[in-house]
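Descriptive analysis of the structure
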Amino acid sequence: MVKNLTDEQLVEQAVNDNSEAFGEIVKRWERKIFALCFGMLGREDEAGDAAQETFILAYRNLKNFRGEAKVSSWLHRIAVNQCLTVKRRAKTRSESFFDDENNADEKVFVAPARLSPARTTEQNERLKIIRQAVVSLTAELRQVVVMKEFEEMTFQEIAEALDLPLSTVKSRLYTALKQLRLKLERTPMEIV
Amino acid sequence: MFAIDNKNNLSCAFAEETVEYLYGETSAVDKNAFERHLKSCPTCAEEFSAFNAVRASVLEWRNEDFATLASPPIEIPYRKTVEFNQTISEAQPPIFWHSRFRRLFSLSPVWTYSAAFALILVGICAAFFFLNISKKDEIADLKENQTIAAPPGASTDSQELASILTDGTENESVNEVYRSNETATAVNNGKIANSVITNKSKVEQRNINRQLTPHKINAIKTANQEISLRRTKESNNFGNKVSPATTNKLPKLSNFEEDEDKSLRLAELLEDADAR
């Protein structure tokens with residue numbers, strides 16, 4: 001029954017304490033929100049926490065949701081803010097140096113999110129560098145790259161989610177790709 | 001065509017077209033135009049190639065580190081709602097009205113305090129109300145129990161008369177005996193018509209003499225004397241001298257209405273007594 005409803009209709013039902021309706025929203029968007037959080041934070045555990053907090057916040061603020069924006073945009077905005085919050089907490093705890101561009105050259109890295117024995121050391125190193133390069137981008141540029149590459153959203157969808165003009169989204173992505181190119185070219189690695 | 005941005009870097013004017021073409025979000029017309037441009041612009045071609053490599057790296061990171069990850073379980077602290085499903089309501093005990101009140105008061109202590117204050121207020125108002133009623137009742141009883149001034153020679157204390165005529169006991173309950181100047185004074189050794197008037201009509205002052213025979217008048221006088229003698233004895237026993245004058249001074253009834261007197265007339269009683 002709830003599967004045939006739009007996101008906005010589901011929210012309307014969820015406001016009236018229909019837990020099944022909100023469950024459907026979670027089901028539809030949990031993967032994409034998790035992808036966004038993973039791309040923004042680079043760590044599975046932090047990404048999981050941020051995704052959980054995103055949906056909890058969304059549930060608590062259902063009544064504040066105005067029908068002006070799409071539900072996906074609303075969720076993305078909450079998720080990005082949560083990622084920034086988690087990042088600030090991590091920075092305060094000095095557990096990670098991802099966000100500090102000055103420390104990017106230091107050889108202190110957080111352990112990769114997932115280490116597979118089947119992967120070569122070289123591959124792991126390469127992935128580490130890429131992860132570091134993406135996470136070291138500023139939040140504005142990072143979220144556009146992550147939404148494009150991890151969530152596979154269109155420019156229009158990104159523009160709606162971030163409430164930005166279409167041209168701004170494209171120019172930000174262009175700038176992000178340029179910076180990534182510089183960072184990756186600076187680090188000796190074989191780009192496949 | 002190239003432009004120099006604020007950092008003195010060469011920046012292709014086809015920036016937007018580059019990313020659109022890179023991610024396949026360009027129209028067919030624009031796609032052909034950009035491809036023609038790439039062929040004629042080595043810088044843009046090189047930049048496009050580099051962007052492709054960067055994108056491939058990011059995708060590799062996504063596929064290696066993220067694609068194989070399972071989505072974390074999302075636990076939402078849903079608000080508990082009571083579902084009045086028929087099967088559930090059958091299984092669960094019914095919710096009583098007082099449990100809803102308890103739930104209401106448990107929401108906030110303000111409710112509890114407000115309810116307590118309201119109860120106290122209601123109690124005080126009820127106490128005042130009942131006090132007033134009881135006072136009114138007392139006043140009404142007092143008025144009802146007052147005797148009217150009887151004409152001379154007539155008995156004004158029917159209670160005492162009745163007690164004399166019924167073996168002198170004064171303890172019988174005569175709360176509903178209304179003083180009337182026509183109560184029985186027949187000397188009948190205790191057998192008098194029961195002049196307890198159960199209806200609550202008010203006392204009227206009557207002229208007893210108008211229908212009494214001399215014989216009857218003497219009987220009444222005798223009874224009155226006996227009453228006054230008894231009172232004198234009692235007052236002496238208590239150390240209080242009560243003068244006959246004062247004993248006969250009973251509070252007068254005032255402003256009473258003349259209702260239909262349904263009591264037995266003294267005359268009728270005396271006639272009965274004579275007849276016997």
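For clarity, every value in this text was computed on a predicted model and none was experimentally measured.

Here we look at the interface of chain A and chain B
Across the contact, 46 residues belong to chain A and 43 residues belong to chain B. In total, about 4400 Å² of surface goes out of reach between chain A and chain B, with carbon and sulfur atoms giving 62% of it. Summed over the three residues of chain A that lose the most area to chain B, namely E149, Y174 and R181 of chain A, the buried surface amounts to 17% of that side. Our enumeration of links across chain A and chain B arrives at seven salt bridges. With a closest N to O distance of 3.2 Å, D65 of chain B and R131 of chain A form a salt bridge.

Side note on the packing of helix α2 (residues 28–40) of chain B against helix α3 (residues 42–66) of chain B
Residues and elements named next belong to chain B. Remark: α2 packs on α3, axes separated minimally by 5 Å, with the N-to-C direction vectors making an angle of 110°. In terms of orientation, α2 and α3 fall into the roughly perpendicular class. Every residue of α3 that contacts α2 at F34, H37, L38 and S40 is listed here: P42, C44, A45 and F48. Split by residue class, the contact of α2 with α3 holds six nonpolar, two polar and no charged.

Concerning the packing of aromatic side chains
This structure, assessed with the given rule, holds 17 aromatic pairs over all chains. Between the aromatic rings of F34 of chain B and F48 of chain B, the centroid separation amounts to 6.2 Å while the plane-to-plane angle is 65°, which identifies the pairing as edge-to-face. Taken together, the residues F34 of chain B in helix α2 and F48 of chain B in helix α3 connect sequence positions 14 residues apart. Here F34 of chain B and F48 of chain B have matching classes, each one buried. Taken together, the ring pairs connect F34, F38 and F150 of chain A together with W61 and F66 of chain B into an aromatic cluster. For K148 of chain A, the ring lying beneath its charged end belongs to F155 of chain A, and the centroid distance is 4.7 Å.

Rules and cut-offs
- Residues numbered from 1 in each chain as written.
- Chains lettered and ligands numbered in written order.
- Predicted model: local features only at pLDDT ≥ 70, side-chain atom pairs only at ≥ 80, totals over all residues.
- Heavy atoms only, no water.
- Contact = heavy atoms within 4.5 Å.
- Buried area = accessible area lost by both parts, 1.4 Å probe.
- Salt bridge = Lys/Arg side-chain N within 4 Å of Asp/Glu carboxyl O.
- Axes fitted to C-alpha atoms, helices over the stretch in contact; angles between N-to-C directions.
- Helix = DSSP H or I, 4+ residues; strand = E, 2+ residues; numbered from the N terminus.
- Parallel < 35°, antiparallel > 145°, perpendicular 65-115°, else oblique.
- Nonpolar A, V, L, I, M, F, W, Y, C, P; charged D, E, K, R; others polar.
- Phe/Tyr/Trp six-rings, centres within 6.5 Å; stacked < 30°, edge-to-face > 60°.
- Buried < 20%, exposed > 50% of the residue type's maximum accessible area, 1.4 Å probe, protein only.
- Lys NZ or Arg CZ within 6 Å of the ring centre and 35° of its normal.

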